[in-house]
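# What the coordinates show
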Amino acid sequence: MAGKQVGTVDLSETVFGIKPNSSVMHMAVVNFLASNRQGTQSALTRTEVRGGGRKPWRQKGTGRARQGSTRAPHWTHGGVTHAPKPRDYGFKMNKKVRRLALKSALSSKVIDNDMIVVDNITLENYKTRDMINILAAVGAEKKALIVMQESDGKVIKSAANIPGVKTALVNTLNVYDILNHDKFIVVQNALPVIEEVYA
């Protein structure tokens, strides 16, 4: 927490030492963003717009084009052609592909020297300033993702007001958050859990 080196850790080659697969990571990011879309947009088709049941004028003899309804798409107040409807934008990714994407993201952080292992993160009070000082000490002044083994309310609340800083547990890790943050900060006791879950 003070920014000093107090030891070393051995990382699993199968999780943190593989060659990153950029296409798989891209697919995982697209899948994450697509799954987060609300998909609630909706418009009325010609069958759903109120009115238009009566034929506007007779079929022949008026000199005008034949019309069957005033709610056809080319009429004012008519329905929308191919109207958008509520839908789920998410798509399925195979389990092995998802795991490969996550390991690729973790390995890319190690290759770029953007991964920081901290022996412990503890706060006595709910203080945003204390969390800012910790991040500055470990060299993570910009966007940072803090990964913990178990939930700590003081750490989560203290980091919540810092722009670009996010906290996560081992079981909530995703490729988008890892790649979207400049620094990947892991509490040491969370490392073996990550290696066990994603090996």
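Each remark here, short or long, concerns the structure printed above.
Note that the structure is predicted; figures quoted are calculated from it, not measured.

### So, the overall build of the protein
Scanning the protein from N- to C-terminus turns up seven helices and four strands. Written out in order from the N terminus, the α and β elements of the protein read α-α-α-β-α-β-α-β-α-β-α. The globule rule puts the C-alpha radius of gyration for 199 residues at 16 Å, and the 27 Å found for the protein is more than 25% above it. With respect to the principal axes defined by its C-alpha atoms, the protein has extents near 95 × 40 × 25 Å. A total accessible area of about 12,600 Å² is found for the protein, and carbon and sulfur atoms account for 49% of it. Within the protein, the 16 negative side-chain charges are centred at a point lying 25 Å from the centre of the 29 positive side-chain charges.

### Digging into the environment of K157
Tracing the chain through its elements places K157 in helix α5 (residues 153–160). Of the residues examined, K157 reaches a relative accessible area of 56% and is grouped as exposed. Put simply, K157 and K127 are 30 residues apart on the chain and 8.2 Å apart in space, counted from C-alpha to C-alpha.

### Considering the pairing of strand β3 (residues 165–169)
Strand direction decides the pairing type here: strand β2 (residues 144–148) and β3, joined by five bridges, are parallel. Residue pairing in the sheet places M148 in a bridge with L169 of β3. Regarding topology, α5 serves as the crossover connection from β2 to the parallel β3, and that connection is right-handed.

### Structural notes on α5
Within the span of α5, buried status applies to V155, S158 and A159. Buried residues of α5 fall within an arc of 95 degrees about the axis and therefore sit on the same side. Facing away from the buried side of α5 by more than 90 degrees, the exposed set consists of K157 and A160. Along its buried surface, α5 packs onto α4 (128–137), β2 and β3. A side-chain oxygen of the first residue of α5 lies 3.1 Å from the backbone nitrogen of K154; this N-cap is D152.

Reading the values: rules and limits
- Residues numbered from 1 in each chain as written.
- Predicted model: local features only at pLDDT ≥ 70, side-chain atom pairs only at ≥ 80, totals over all residues.
- Heavy atoms only, no water.
- Helix = DSSP H or I, 4+ residues; strand = E, 2+ residues; numbered from the N terminus.
- Rg over C-alpha atoms; globule rule 2.2 N^0.38 Å.
- Areas by Shrake-Rupley, 256 points an atom, 1.4 Å probe, with all protein chains shown as cover.
- Lys, Arg positive; Asp, Glu negative; His and termini not counted.
- Charge placed at Lys NZ, Arg CZ, Asp CG, Glu CD.
- Buried < 20%, exposed > 50% of the residue type's maximum accessible area, 1.4 Å probe, protein only.
- Pairing = 2+ DSSP bridges.
- Right-handed = clockwise from strand over helix to strand, strands pointing away.
- Arc of directions from axis to C-beta.
- Contact = heavy atoms within 4.5 Å.
- Polar contact = N/O pair within 3.5 Å; in protein donor to acceptor, adjacent residues only side chain to side chain.

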